Amino acid sequence: MEKDGLRHSASQQLVHILEQFYRRYRQDMFAVAFGILHSKQDAEDAVSQAFFSIAKNFDKISHLDCHEMKAYAVIVCRNKSLNIYKQNKRRAEQTAELDSELLQEKDFESQTFSELDQAVAALDGRYKDVITLYYYYGFYAQEVAELLGVHVDTVRHRAMRAKRLLKQALEKGQGND
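Everything in this summary refers to the structure shown in the same document. Owing to the predicted nature of the structure, the values given are computational and were not obtained by experimental measurement. (Residues numbered from 1 in each chain as written. Predicted model: local features only at pLDDT ≥ 70, side-chain atom pairs only at ≥ 80, totals over all residues. Heavy atoms only, no water.)

### Remarks on the overall build of the protein chain
Right, so step 1: In terms of regular secondary structure, the protein chain is built from eight helices and zero strands.
Right, so step 2: The N-to-C order of helical and strand elements in the protein chain reads α-α-α-α-α-α-α-α.
Right, so step 3: Long-range pairs, those at least 24 residues apart, make up 63% of the contacts in the protein chain with a sequence separation of at least 6.
Right, so step 4: Counting every atom, the protein chain has about 11,700 Å² of accessible surface; 51% of that belongs to carbon and sulfur. (Helix = DSSP H or I, 4+ residues; strand = E, 2+ residues; numbered from the N terminus. Contact = heavy atoms within 4.5 Å. Areas by Shrake-Rupley, 256 points an atom, 1.4 Å probe, with all protein chains shown as cover.)

Structure follows, in structure tokens:
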């Protein structure tokens with residue numbers, strides 16, 4: 001029982017220290033994140049991710065002085081912000097890649113994007129899931145594989161098949177005009 005009391009006390013103390021850490025450095029962390037991401041929501045996500053990363057490894061940095069802790073917090077937050085920036089950029093590139101692959105050498109009219117959405121919605125679930133997660137949400141193939149519980153090669157093959165099916169559906173729709 002005494003061990004549980006000591007653990008609880010140590011846990012309470014750590015929570016208190018982490019709360020102080022967060023209050024002290026959150027504005028600096030947010031400023032760095034917002035400077036990179038230019039989005040309040042993304043900056044808040046970066047600060048949150050950085051804080052959780054710091055909290056998980058707090059025992060490794062607890063010996064640092066105040067200035068070193070601030071520098072560490074800002075660096076971790078900067079790295080998390082850069083990761084989010086890269087993910088956002090990759091998402092935009094993947095969406096543009098899908099659009100250009102499907103629409104290359106075609107002069108579709110303005111309803112093309114709604115046709116593309118309809119064509120994606122008409123896909124079999126396994127293809128639709130891959131296209132949605134990979135191109136619209138910007139997950140890596142490995143991440144899609146983990147989310148769907150399949151091998152990464154399966155994700156890549158489904159993506160290729162889905163793109164081929166979408167291209168066929170859009171060409172078929174173009175021929176009807």
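### Thoughts on the packing of aromatic side chains
Right, so step 1: With the rule as written, the count across this model stands at six aromatic pairs.
Right, so step 2: Measuring from ring centre to ring centre gives 5.2 Å for Y22 and F51, while their planes differ by 70°; the resulting arrangement is edge-to-face. One end of the pair, Y22, is in helix α1 (residues 2–37); the other, F51, is in helix α2 (residues 40–56), and 29 residues separate them in sequence.
Right, so step 3: Aromatic ring contacts, followed pair by pair, group F21, Y25 and F58 into a single cluster. (Phe/Tyr/Trp six-rings, centres within 6.5 Å; stacked < 30°, edge-to-face > 60°.)

### With respect to the environment of H63
Right, so step 1: On the secondary structure map, H63 appears in the loop between α3 (58–61) and α4 (66–103).
Right, so step 2: Residue classification places H63 among the exposed residues on the basis of a relative accessible area of 63%.
Right, so step 3: A polar atom in the side chain of H63 sits 3.3 Å from the backbone oxygen of K60. (Buried < 20%, exposed > 50% of the residue type's maximum accessible area, 1.4 Å probe, protein only. Polar contact = N/O pair within 3.5 Å; in protein donor to acceptor, adjacent residues only side chain to side chain.)

### Here's the deal with helix α7 (residues 141–148)
Right, so step 1: Of all the positions in α7, only A141, V144 and A145 are classed as buried. Buried residues in α7, looked at end-on, bunch into an arc of 100°, giving them a common side. Of the exposed residues in α7, those oriented more than 90 degrees away from the buried face are E146 and L147.
Right, so step 2: Downstream of α7 by one or two residues, G149 has phi in the positive range, about 70°. (Arc of directions from axis to C-beta.)

### A closer look at unusual backbone geometry
Right, so step 1: Of note, H38 is a non-glycine position whose phi angle comes to about 55°, a positive value.
Right, so step 2: Checked against the element boundaries, H38 lands in the loop between α1 and α2.

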